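A structural walkthrough
Read off the chains here:
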Amino acid sequence: MAASLVRRDKKSTAAHLKADLNWTDNSSGVRQLQELLDSVLNPEKPAADTEALDWCKCLIAGGEGFEEFCKTVRSYDNATLCGLVWTANFVAYRCRTCGISPCMSLCAECFNNGDHTGHDFNMFRSQAGGACDCGDSNVMRETGFCNRHRLRTGENVPSVPRDLLLMSEMVLPCFIICVIQYLRDGYTEPDTSTERDLQKVLQQLEPQISFLEELTKMGGAMRTVLTKILTNQQIFKDLSMGQEDNVYAKKNYEKYLSALKNSGLVSVEEKAQSGAAEPTRGAEAGAGAGVLGLLGAEAPASPDESNKEEDQDGGQSVGQRKRVKLSSTAKDPSIMDSLKHKCFLEELLFWTIKYEFPQKMVTFLLNMLPDQDYKITFTKTFVQHYAFIMKTLMKSQESDTMSNRIVHISVQLFSNEELARHVTEECQLLDIMVTVLLYMMESCLIKSELQDEENSRHVVVNCSEPLLKNNTYWPLVSDFINILSHQSVAKKFLEDHSLLMLWMSFVSFFQGMNLNKRELSEHVEFESQTYYAAFAAELEACAQPMWGLLTHCKVKETQEYTKTVVRYCLETLQIWFDAIGFVDEPAPNQVTFHLPLHRYYAMFLSKAVKCQGLDLDSLLPHQEMLMKIMVHPLQIQASLSEIHSNMWVRNGLQIKGQAMTYVQSHFCNSMIDPDIFLLQVCASRLDPDYFISSVFERFKVVDLLTMASVHQNAVLDGEQERPMLEGALTFLVILSSLRIHLGMADDEILRAEMVSQLCMNDRTHSSLLDLIPENPNPKSGIVPGSCSFEEMLSAVADFKAPVFEPGGSMQQGMYTPKEEVWEKEFDPIMVVLRTVYRRDVQSAMDRYSAFLKQSGMHTTGNPWPPYKERTPLHPCYKGLDRLLHCKTLHIVIFTLLYKIWLDHSNMSEHVLCMVLYLIELGLDNQVQEDKEDEEPCIEEHCHDSWFPGTNLLSNLHHVINYVRVRVPETAPEVKREKDPPPSTSAEAANFGQNVREAQVFSLVAERRRKFQEIINRSSTEASQVVRPKSSSTRWVPPGTPPQLVTEILEIRESMLSLLIKLHQKLSAKQNSLSATWLEDMETNSHAHGDGITAIERILTKAATRSRQSKRSIQEICGKVSPPIAPKKNSPTDKKTMDKDERRQRARERQQKLLAEFASRQKSFMETAMDVESPDAEAAMDLGASEVMESEVLYDCVICGQSGPSTEDRPTGLVVLLQASSVLGHRCKSDETKKLPTTDDEHIYPADTCGAAHDVRLALMQRFFKDSSCLQSVSIGWEGGVYVQTCGHTLHIDCHKSYMVSLRNDQVLQGFSVDKGEFTCPLCRQFANSVLPCRPGRSTEVVSWHMPTNKKTAVLVKEVEDLQEQLGLFPTESNLSKEMESVIKDIKNTTQRKYMDYGKNPGSPDNDFLFMYSVARTNLELELVHRGGNLCSGGASAAAKRSCLNQLFHVLAMHMRLYSIDSAYNPWTRLTQVAQRRDDCLDDERPEVPMLFRDCPSLLIIFVLTMPQPLRKEHFICLVRMLYNLQYTQALASLSAKFSPEERQAWSTSGALKKNASDAEKSYDALLSHVIGELSKVKTVYDVNTDVPSMLSSSVWSPHSIEYSLQQFCLPYLRLSCLLQHHLYGDKLSGCPEVEEFSGLAGCLGLLAPALQPSNPIYSASCLDWTVNAFDLMTQWCSEVTGLSDTQAKKSITLLVQDPQWASPHLLHLPDHYNIIFQYYHKKACTACKKVPKDPALCLVCGTFVCLKGLCCKQQGICECVLHSQHCGAATGIFLLINASVIIIIRGHRFCLWGSVYLDAHGEEDRDLRRGKPLFLCVERYRVLQQQWVSHTFDHINKRWGPHYNGL
């Protein structure tokens, strides 16, 4: 039965079966269908056979066409969601204003149909794929829906008729099981011996899966059917096992079961057996072992596998580190129990994972999501397979692609809060995720080497594992972050203590990873780059989930969560300390930047105090724990300082990279900020003396803090002491002044961050957004682009719009700090904290001092960083101020002030600055306890009581008399032992007492004692503890240093007296402060200034806050004296003297050098300027208006010699030759053409100058003699050669040796020396040839400038004689050789097709045409550069580049080789009425009639072929004669535009004037003559009658005739005038545009000067006939009328020409970039019919091309390069659609030009990364066009590279 059905016609069978099935008793139909399907869908057939698919389509459609069926089903689409699924690289939109979830995205159609004006949206290129959320109110606000989904049109669709989808319900289950069977069959395990090719299987299944995808796109009705089938468990049961008798299906099912088994996930049957064997594994077996067991890590099961893993990375870096395997405890072993598939959907997902997420399968599964039932089932299935996904991902070779596909699915499921909550409750989603993450990281653990290497029990992840290096964990972490962003889910997580504990153990895997050990002996041989992986892992796997949790702990009600997290953090930290064996000292020379546990603890503490009103102390551990917690973060701060002090150089650059990354904007608020906050918390709760001494010891500068001038430091080299001391002090300043977590509001933080970034440099909007650390979780208040950001920005900064200089670089819109920000808010401390590069701090200070100078606040010397008042501390952190009020710090301050005053080594201005900052902070932040600071305190006689109390204010004026120091024997202080003893006994007693009280101070001892006290707190003998001599880390090599002896120094200073002495020292005046200065001070002048100001500010503050201090200050100022060192003339004094003297000398030397340099520069500038200035140009060009007797001298820029150019040693101009089609792209009308952005708009190239000239020449060649045609027009409109120079000259032999040296110089230049390219040795302009200069001029010059009184007729004869002279072949010389080589260069510049226009290529005629056209091209281009006319007169920028004079000589020299046959010489036909020559043979084509010839071309030909130099009188004669012809052409052309009646009228009116005396100069007489002559033959005017003339409607008045005649002749006059200017140096005088004609005519001598009255002149008055005008005209007209009919009809269009062209323009672009982007980024290429990967647009002609596309390659050249050759003669300007940038192709090089579209903040958006709306920047586009027209791309753009024809 089935067999017979299969053979029948598909359509009728389908219809027949459908009818059967519709009966109530449809059993026979069902049976028939079943049999048919069994035979058709036989999985044993190859999948590539599409017969089955065709059957399915027909059956489903039930007899009608499949397309019609699709349409019908679509009409029942009831979906309210869009759900369009896209894959990577698709362009989608995201609107932050409308989104509820940060992952929300919209397809372009929904976005454009919704209203998002004024919203914060951007366009983006999808990385991993996505789906459109329009219509889903769980993910976005309804206001953002598009029209279609807002109106919910899906809801009122009629219900589906039952029979429509009846067949689908029957056929599809069989089809799906068939696909599944193919998948089962095709799968092979990766470890089997056969070559595994999953891709092949998938390729064969492509049509089947595409068919499924097609079904999902039919809309809601079909999706419902599919959902039923996919989720129905019964159907699955019936079909999956295969029927009893089907062997194939059985075998197939076996394969499936084995695949299940191999996935490491046990099927239920085996569960029972494995359960028994389980408890044998590991100590922690039982519940927990299940997890690893199920995840397939049973170590014993696969011994070979684990060995393999270890061998793989037994490389050098990991050789000694064995992987550690852990057994973890999971909460519930049933999480990953077993995969048992109950429906098609589950098995489909299983195979999708097995095949590593093929794109088509993913798209199919996602396309189904708009169906709610499906969505829920699918999400559960996905969660059920989660562990298996992770296993597959870890094994995958293509983990990147797979990651993207996983996230593509998961982001659609988990962004929806409703769904996420549902799955969390029902499927234990959180448990699964945490367990899976734990398991994943456990695969790459190693033993931690932090602290105690041997006995450490702590394990960390190994950052060099591919898992971390390639971010393989990313999809899982990203899902976890995504679900934690939902409040309901996060609360579940925070309430579940066992989960939290698991998570903490996960975090502890990262605690202390990527440990750095300082290399002490030699440089590390292999710099590992693992730190990238480590930082990324901490940020993504630890910090981001932390921020996610923190966002849900914002209010009082969530206190409990915080307490729990804090408790677990502390517990885990304690476990960690124990595991690494940490007691009290960190191990030396080790640092890890990764302490996520500390940071979790810190951030939750901060939130608790700031948002939840918890009391800090309730969350803090005991003191001992705090001491431990503080050690590692402090170690990092000290190491940062060590790294910047170059103590880690032997570890290579990567350690610097780590130090930078740690403070970089994306990491700082998850790393350095929490660290500093934690240290602030410790400092506020621990004993301040202990804390301060810990800091100095960590920074290794304890030994430096001695009063002695010499000391030993066992741990630092001399040059490292100063930066380390600066580091320690700066750290203390940051610690005591930073308020980010200590009481600043969010707005204040944002403002401070913004100000600090803007102070370093002006910033663009986007870089500022990037640099402001925002909470990594996008839901936290400060979202980039939120109004608070914009408001804040406008409050602190001014916008500087981009400025454009045509030659400058493209600038972007920048924000720069407002003045009051510099004045009041610049905070150097914040800047230091946020700078990644040290140079940024300097940059901020430079900008600050520039501001002060400019505003006159501080003009002399360098200002110091300003002191900024701080936000008050949050009451919880008040203890932090005790740091500033502790004796240890005061002793350090005192010691440092003393050392600076005495110029001890290693002190610096920065040290003093920080010390003063600390004093000032202490004065501003008083500790409340001390009330009795005014009473003098009784001195204690304890050995370390330097100061009576702890209050800084009272300690300031405390005088310290003697200090006992330990110094080496060699120190200067020791010599004083030999002083005579004190004379009187009283003094002696005094001295003895002082020695007894001399303070001795050892920081180390101090903090040791404190520590011992804490540890032995219980025992009573705490006070008698013996102090260890030095810290255990020190090791002193025996015998090297001199012995230490104890000395007593007499000091007798207080901090105040030292400050006042420093004030004198800085101001270099004794008594700089008078006794009364305090009274005279005005208080507010202190905010900005240098050290002097800072000291005055501190003294003022001290005086106003304490009477005692005020008295002391006045006393000290009264009796102040110059500083006296303890021992006069100690070496330090001498050193300072020398130092000053040395400085002075160095300064003088520098001045001298600078002066010399400046004078050199000046002379260079003068030579360079010579060329540029217009006056000097006359000397450069051979034309000079005054007579020059001597030869022209040239300077060679290589050898520097100056001399004339000679035959054997010629000089040449540096020139750039380039082919150009700019002229060819000119149009008639001034309106620029628009870029088409819809299918209806087009650009037609037919009306361009290039096209018009091509048509003209082609027409001529059809009818006239070829050689004559080639002299009647110019070519070079397209592909003409343009010659420009920078104006510098060089000897040609020097140039040759320069080229040789360039060739040997292997530096990668942006040009190709082999192609003759080089840069001018002087100005570095790009060039590629040298144009020889003609040897100088002698006295004959005079004669050819003199105005002559010869009659025109005489001149005409002279010209004729000159033309008869044969060209003398130049003698063979160096000069002539060079000239020939230049001609060769010129020919090679352009392509052959732009040179060969003749019938026989390569003929002399062709060459001749090309040569004179080069001259024409250069003249025309100069005209264009001057704005299309000569009204502006004078020299223009273009004229400076022009070298027409030299070019003319080279061309003339070459053209003299061709003589014009006198019989055909146009000159005779111009000037004589010839006798009729009837002997012309009929078969030969006629010559081109004079009226069809191009006058400017003729002029250039005459000038170039006559002997040089040409006298000016002869030149003028040429111009006059040709003007007659030009004028006649104008008349003829005009007459053709008349209507027949008008012609009649003008003809008769003019005829009357023929006999008047001035008939030859009256336009009406001449016009009527021309009309009469041309009317003799009907064909001339008849041709045009069928073309209704444009102007026929208007009546021609004498005025309009005159105007159009002038316009017709103007181009010829302009060209002649310009030529005259270059040949003879005549000045071009400017004139208003209306008078241009008369101006030019006067300049060329066509008008006698007397004939230039103010009244309007007539163009006819410039005529100058040597023979009877009417006769000559008759002759010219007869050439046209004498043509045979066929020729005449066609060629007559040549008569009507219009020489006027508008200036060249690029296309007109739309204002919004989006218009271009939306039309072109999906447009298919016209050549290959595919949508290009990189589409590009030519901005000259609008052609759409594939950039880099291999599809359109021809002869190995890609399409853009091909187009640039075709359209611009190797210059192309392309807009890259997907990048918004413009690239320029010039010959074999290309460069990125920049973008002409900027966003609202004046910034480019290259590659559309930010996707903000872009608008056309008119100035930039103008600059681009100007560079194109003036051919200056090569000079202005610097970054060129070769494109190897690959664009």
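Residues numbered from 1 in each chain as written. Predicted model: local features only at pLDDT ≥ 70, side-chain atom pairs only at ≥ 80, totals over all residues. Heavy atoms only, no water.

**Quick look at a negative patch on the surface**
Together, Glu-64, Glu-67, Glu-68 and Glu-214 make up a negatively charged patch on the protein surface. Mapped onto the fold, Glu-64 is located in the loop between helix 4 (51-61) and helix 5 (66-74). Under the relative-accessibility criterion, Glu-64 is labelled partly exposed at 33%. (Patch = residues over 30% accessible without salt bridge, like charges linked within 9 Å, V, L, I, M, F, W, Y side chains within 5 Å. Areas by Shrake-Rupley, 256 points an atom, 1.4 Å probe, with all protein chains shown as cover. Salt bridge = Lys/Arg side-chain N within 4 Å of Asp/Glu carboxyl O. Lys, Arg positive; Asp, Glu negative; His and termini not counted. Charge placed at Lys NZ, Arg CZ, Asp CG, Glu CD. Helix = DSSP H or I, 4+ residues; strand = E, 2+ residues; numbered from the N terminus. Buried < 20%, exposed > 50% of the residue type's maximum accessible area, 1.4 Å probe, protein only.)

**Some points on the pairing of strand 20 (residues 1329-1332)**
Regular strands show a simple pattern: their side chains alternate between the two faces of the sheet. Here strand 20 shows two buried faces, one formed by Ser-1329 and Leu-1331 and the other by Val-1330 and Pro-1332. Summarising the sheet, strand 16 (residues 1211-1220) and strand 20 pair through 4 bridges and their orientation is antiparallel. The residue bridging Val-1215 from the neighbouring strand is Ser-1329, located in strand 20. (Pairing = 2+ DSSP bridges.)

**Observations concerning the packing of helix 35 (residues 746-760) against helix 40 (residues 838-855)**
The contact between helix 35 and helix 40 brings their axes to 7 Å, and the two run at 85°. In terms of their interaxial angle, helix 35 and helix 40 are classed as roughly perpendicular. When helix 35 is examined against helix 40, the residues Leu-758, Cys-759 and Met-760 are found in contact with a partner set consisting of Asp-840, Ser-843, Ala-844 and Arg-847. Residue composition of the contact of helix 35 with helix 40, by class: 4 nonpolar, 1 polar and 2 charged. (Axes fitted to C-alpha atoms, helices over the stretch in contact; angles between N-to-C directions. Parallel < 35°, antiparallel > 145°, perpendicular 65-115°, else oblique. Contact = heavy atoms within 4.5 Å. Nonpolar A, V, L, I, M, F, W, Y, C, P; charged D, E, K, R; others polar.)

**Focus: the packing of aromatic side chains**
Within this structure, the stated rule accounts for 55 aromatic pairs. With a centroid separation of 6.3 Å and an interplanar angle of 40°, the aromatic rings of Phe-535 and Phe-593 are classed as tilted. Taken together, the residues Phe-535 in helix 27 (residues 530-550) and Phe-593 in the loop between strand 9 (590-591) and helix 29 (596-610) connect sequence positions 58 residues apart. Judged by relative accessible area, which is 0%, Phe-593 ranks as buried. An aromatic cluster is defined as three or more aromatic residues linked by ring pairs; in this entry it consists of Tyr-253, Tyr-256, Phe-350, Trp-351, Tyr-355 and Phe-388. If you follow Lys-1723 out to its NZ or CZ, it ends over the ring of Phe-1744, 5.8 Å from the centre. Here the basic side chain of Arg-1789 rests over the ring of Phe-1326, its NZ or CZ set 3.9 Å away from the ring centre. (Phe/Tyr/Trp six-rings, centres within 6.5 Å; stacked < 30°, edge-to-face > 60°. Lys NZ or Arg CZ within 6 Å of the ring centre and 35° of its normal.)

**Points about the environment of Asp-1494**
Position of Asp-1494 relative to the elements: it lies in the loop between helix 60 (1466-1471) and helix 61 (1495-1505). Sequence-wise, Asp-1494 and Gln-1529 are 35 residues apart; in three dimensions their C-alpha atoms are separated by 9.5 Å. Apart from the residues lying within four places of it in its own chain, the contact partners of Asp-1494 are Ser-1272, Val-1273, Ser-1274 and Arg-1416.

**Digging into helix 70 (residues 1713-1720)**
Of all 8 residues in helix 70, 6 are buried; the element is thus mostly enclosed. Three or more residues of helix 70 are buried, namely Tyr-1713, Ile-1716, Phe-1717, Gln-1718, Tyr-1719 and Tyr-1720.

**Digging into the pattern of salt bridges**
Going through the model one piece at a time under the given rule, you end up with 62 salt bridges. Salt-bridge contacts for Glu-920 lead to Arg-1097; the nearest nitrogen and oxygen are separated by 2.8 Å. Here Arg-1097 lies in helix 48 (residues 1091-1105) and Glu-920 lies in helix 42 (residues 909-924), a separation of 177 residues in the sequence. When sorted by exposure, Glu-920 lands in the same class as Arg-1097, which is buried. Salt-bridge contacts for Asp-1314 lead to Arg-1303; the nearest nitrogen and oxygen are separated by 3.4 Å. A residue pair is termed long-range when its members are at least 10 positions apart, and Asp-1314 in the loop between helix 54 (1292-1304) and strand 18 (1318-1319) and Arg-1303 in helix 54 qualify at 11 residues. Residue classification places Asp-1314 among the exposed positions, given a relative accessible area of 66%.

**Description of the confidence of the model for the protein chain**
Overall, the predicted model of the protein chain reaches an average pLDDT of 80, with 80% of residues at or above 70. In the predicted structure, residues 930-944 sits below a pLDDT of 50 and forms 22 contacts with residues beyond four places in sequence or in another chain. Predicted confidence for residues 1584-1593 stays below pLDDT 50, and this span has 6 contacts to residues more than four positions away or in other chains. (pLDDT = per-residue confidence, 0-100.)

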